[in-house]
Amino acid sequence: QVQLVESGGGLVQPGGSLRLSCAASGFTLDYYAISWFRQAPGKEREEISCISKSGGSSVKGRFTVARDNPKNTMYLQMNSLKPEDTAVYYCATSNWCAGPVVYWGQGTQVTVSS
């Protein structure tokens, strides 16, 4: 069975950090570009970052996308979190970063509040 299972979301204070995990099963992440998206209530989904099949990690502002191929897991490291980062976060795979998503994670809630 093909799955992307997310974990690590929750409540964090402004300025804090979280690391989201996305574990793949039924397929190998090595063969795919990986990306993270987020969606806040009433707003459209936006892409945070994507790394190619050969890419190990990518830094975009306060966020870092990375993969650990031996563990078949991808991560989103979030630092210096702000209230506007509150959203549901999704991991995803595609055949290339500019292409359509092949597999989606179920989503995990991140709430930044004091």
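Residues numbered from 1 in each chain as written. Predicted model: local features only at pLDDT ≥ 70, side-chain atom pairs only at ≥ 80, totals over all residues. Heavy atoms only, no water.

A.B. asks: How do you make sense of the overall build of the protein when you look at a structure like this?
C.D. replies: A count of helices and strands for the protein gives zero helices and 11 strands. Overall, the protein is about 40 × 25 × 25 Å in size when its C-alpha atoms are taken along their principal axes. Taken over 114 residues, the protein has a buried fraction of 41%. Across the protein, contacts joining residues at least 24 apart in sequence account for 55% of those joining residues at least 6 apart. As displayed, the protein has an accessible area near 6,000 Å², and 48% of this comes from carbon and sulfur atoms. (Helix = DSSP H or I, 4+ residues; strand = E, 2+ residues; numbered from the N terminus. Buried < 20%, exposed > 50% of the residue type's maximum accessible area, 1.4 Å probe, protein only. Contact = heavy atoms within 4.5 Å. Areas by Shrake-Rupley, 256 points an atom, 1.4 Å probe, with all protein chains shown as cover.)

A.B. asks: What's the story with the sheet that holds strand S7 (residues 63–68) in this structure? I'm lost.
C.D. replies: Two modes of strand pairing occur in sheets, parallel and antiparallel, and in both the strands are linked by backbone hydrogen bonds. Read from one edge of the open sheet, five strands run S1-S3-S8-S7-S6, paired in antiparallel fashion. Since the sheet does not close on itself, it has two edges, and those belong to strand S1 (3–7) and strand S6 (57–60), each with one partner. Direction aside, neighbouring strands of the sheet carry axes that sit 15° apart on average. Relative to strand S3 (residues 18–25), S1 runs antiparallel, the two sharing five bridges. What sits directly across from Gln-3, in S3, is Ser-25. (Pairing = 2+ DSSP bridges. Axes fitted to C-alpha atoms, helices over the stretch in contact; angles between N-to-C directions.)

A.B. asks: I tried to follow the packing of aromatic side chains on my own but got confused; where do I start?
C.D. replies: Going through the model one piece at a time under the given rule, you end up with five aromatic pairs. Residues Phe-27 and Tyr-103 carry aromatic rings whose centres are separated by 4.6 Å and whose planes lie at 40° to one another, so their mutual orientation is tilted. Of this pair, Phe-27 sits in the loop between S3 and strand S4 (33–39) while Tyr-103 sits in strand S10 (residues 101–104), and the two are 76 residues apart along the sequence. Look at Tyr-103 and you get partly exposed, because its relative accessible area is 25%. A network of ring pairs unites the aromatic residues Phe-27, Tyr-32 and Tyr-103 as a single cluster. (Phe/Tyr/Trp six-rings, centres within 6.5 Å; stacked < 30°, edge-to-face > 60°.)

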